[in-house]
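# Coordinate analysis (summary)
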Amino acid sequence: MLLRLPTSVSEAQECMAEGAVPIGGATLIWATWQRDGFPEQAMSLRELPEANTIGRETLGGAVILNRIDDRVPEALRRAAATVGTGAVRRTATVGGNIVGSTLRCLLPAALVLEARAVVLDPDSVYETDLTEVLAKGHLLLGLRWRDPITSAYRKLSGEAGGPPPLVVAAALHTAGTGGTRLRVAVRDGYDVLTEGTEYDAGSDSEQVLDDLRRTAVGALHATAWEAVRELVTDLLSRPTGR
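First, a word on what this report is: a plain description of the structure on this page. (Residues numbered from 1 in each chain as written. Predicted model: local features only at pLDDT ≥ 70, side-chain atom pairs only at ≥ 80, totals over all residues. Heavy atoms only, no water.)

### Overview of helix α1 (residues 9-17)
We count it as follows: Burial status follows relative accessibility: with a 1.4 Å probe on protein chains alone, a residue under 20% of its type maximum counts as buried, one over 50% as exposed, and anything between as partly exposed. Numbering of helices and strands runs from the N terminus; a helix is a DSSP stretch of H or I covering at least four residues, while a strand is a stretch of E covering at least two. Our arc is simply the arc of the directions from the helix axis toward the C-beta atoms. Every residue pair with non-hydrogen atoms within 4.5 Å of one another is taken to be in contact.
Along α1, the positions that sit buried rather than exposed are Val9, Ala12, Gln13, Cys15 and Met16. One side of α1 carries all its buried residues, which in axial view fall inside an arc of 155 degrees. Away from its buried face, by an angle of more than 90 degrees, α1 presents the exposed residues Ser10 and Ala17. Summarising the contacts, the buried residues of α1 are in contact with β1 (2-4), β3 (41-44), β6 (116-120), β7 (125-128) and β8 (139-144). Just past α1, the residue glycine 19 takes up positive phi, approximately 90 degrees.

Shown next as structure tokens:
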């Protein structure tokens, strides 16, 4: 197998056009290749600058999970820190986790940040929503979002060999009306649900939770709702700032 390491977007597009299979850390596909056979060409974006950005409003698809630090919002940072073992985090990438994994531990955090996906295909680079990326398996060049007021993430303990642990993420954003917008995402099993509500400065946490309870998140089972309630209550109690 020939591993190609493009250093520019145009070179990466050329690799794609020539049939190179995109990989990240290969943590999810190596066993499959060993069983079914290796492709003639593979392509990693680890040398592509556009896929390795880390900042308050951007995260590259080729970034290794253990490189994610306090340059990104708390929800993404904590999500990355809970993925697998240290050995996995030293190899797995953002794109591999969101697009290539069935667990997608980073997805709830990306959704509450209202992140948009930057996609690379053989003919263009364009921005789209995460729903399209997941449905079509696009090659993720990176994520972009607007810096939130604050955010949080929690993964509950799970049983070995059992279903995926429950994940809850939340973020506060400045709303166009002058108020605040709350976004919440829950991974329950392999499904991820996201909802939101807006409120003004005079609202207390119980009012906000009552509004959220009327959404699909409020219809989740008791354990999920309690996790949401605790995380949102913590988020709303924080002082303004990051």
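### Describing the nonpolar core
Short version of the rule: The term nonpolar core refers to a set of buried residues drawn from Ala, Val, Leu, Ile, Met, Phe, Trp, Tyr and Cys, joined through side-chain atoms within 4.5 Å.
In this structure, Leu59, Val94 and Leu143 are the most contacted members of the largest nonpolar core, which totals 35 residues. Elements with a contribution of two residues or more to this core: α3 (74-81), α5 (94-100), α6 (107-112), β6, α7 (130-136), β8 and β10 (167-174). With 22 residues, the next largest nonpolar core counts Tyr199, Leu209, Leu220 and Ala224 among its residues.

### A word on the sheet that holds strand β5 (residues 58-60)
Rules: The rule for pairing is simple: two strands pair if DSSP sees at least two bridges between them.
Across the sheet, which stays open at both edges, the 5 strands sit in the order β4-β5-β8-β6-β7 with antiparallel pairing between neighbours. Each edge of the open sheet carries a strand with a single partner, namely β4 (54-55) and β7. Here β6 pairs with β8 via 5 bridges, running antiparallel. Bridged to valine 118 within β8 is glycine 142.

### A closer look at unusual backbone geometry
Phi at arginine 104 takes a positive value of approximately 50 degrees, unusual for a residue other than glycine. Looking at the secondary structure, you find arginine 104 in the loop between α5 and α6. We note that glutamate 114 has phi near 60 degrees; this positive angle belongs to a residue other than glycine. When you line up the elements, glutamate 114 lands in the loop between α6 and β6.

### What about the pairing of β7?
Across 4 bridges, β6 lies against β7 in antiparallel orientation. Each residue of the ladder has a partner; that of valine 119, found in β7, is tyrosine 126.

### Overview of the side chain of serine 151
The condition is simple: Side-chain atoms alone can form a polar contact between residues adjacent in sequence; in general such a contact is a pair of N or O atoms within 3.5 Å, and within protein one must be able to donate a hydrogen while the other accepts it.
Take serine 151: it is sitting in strand β9 (residues 150-155). Judged by its relative accessible area of 2%, serine 151 falls in the buried class. Here alanine 75 takes part through its backbone nitrogen, which lies 3.0 Å from a polar atom of the side chain of serine 151. Leave out the neighbours within four places in its chain, and serine 151 touches Pro73, Glu74, Ala75, Leu113, Ala170, Ala171, Leu235 and Arg238.

### Observations regarding helix α8 (residues 205-213)
Of all the residues in α8, the buried ones are Val208, Leu209 and Leu212. Down the axis of α8, the buried set is contained in an arc of 95 degrees. They therefore lie on one face.

### Some thoughts on the pattern of salt bridges
Test applied: In the sections that follow, a salt bridge refers to a side-chain nitrogen of Lys or Arg positioned within 4 Å of a carboxyl oxygen of Asp or Glu.
In total, this model carries 13 salt bridges according to the counting rule given. A salt bridge links arginine 56 to aspartate 147; its shortest N-O distance comes to 3.0 Å. Separated by 91 residues along the polypeptide, arginine 56 in the loop between β4 and β5 and aspartate 147 in the loop between β8 and β9 bring together distant segments of the chain. Residue arginine 56 is classed as partly exposed on the basis of its relative accessible area of 31%. By relative accessible area, aspartate 147 is classed as partly exposed at 23%. Among the ionic pairs, glutamate 127 bridges to arginine 144, the shortest N-O distance being 3.3 Å. In this pair, glutamate 127 is assigned in strand β7 and arginine 144 in strand β8, connecting sequence segments 17 residues apart. The class for arginine 144 is partly exposed, based on a relative accessible area of 44%.

### Description of the sheet that holds β1
The criterion, for reference: As a rule, the C-alpha atoms of each element are fitted with a line to give its axis, helices using only the stretch in contact, and angles between N-to-C directions run from 0 to 180 degrees.
In space, the 3 strands of this open sheet follow the order β1-β3-β2, with parallel pairing throughout. Where the open sheet ends on each side, the last strands, each with one partner, are β1 and β2 (21-23). The mean inter-strand angle of the sheet, taken between neighbouring strand axes irrespective of direction, is 35 degrees. As judged from the 3 bridges shared by β1 and β3, these two strands associate in the parallel manner. From the neighbouring strand, arginine 4 faces β3, where its bridge partner is methionine 43.

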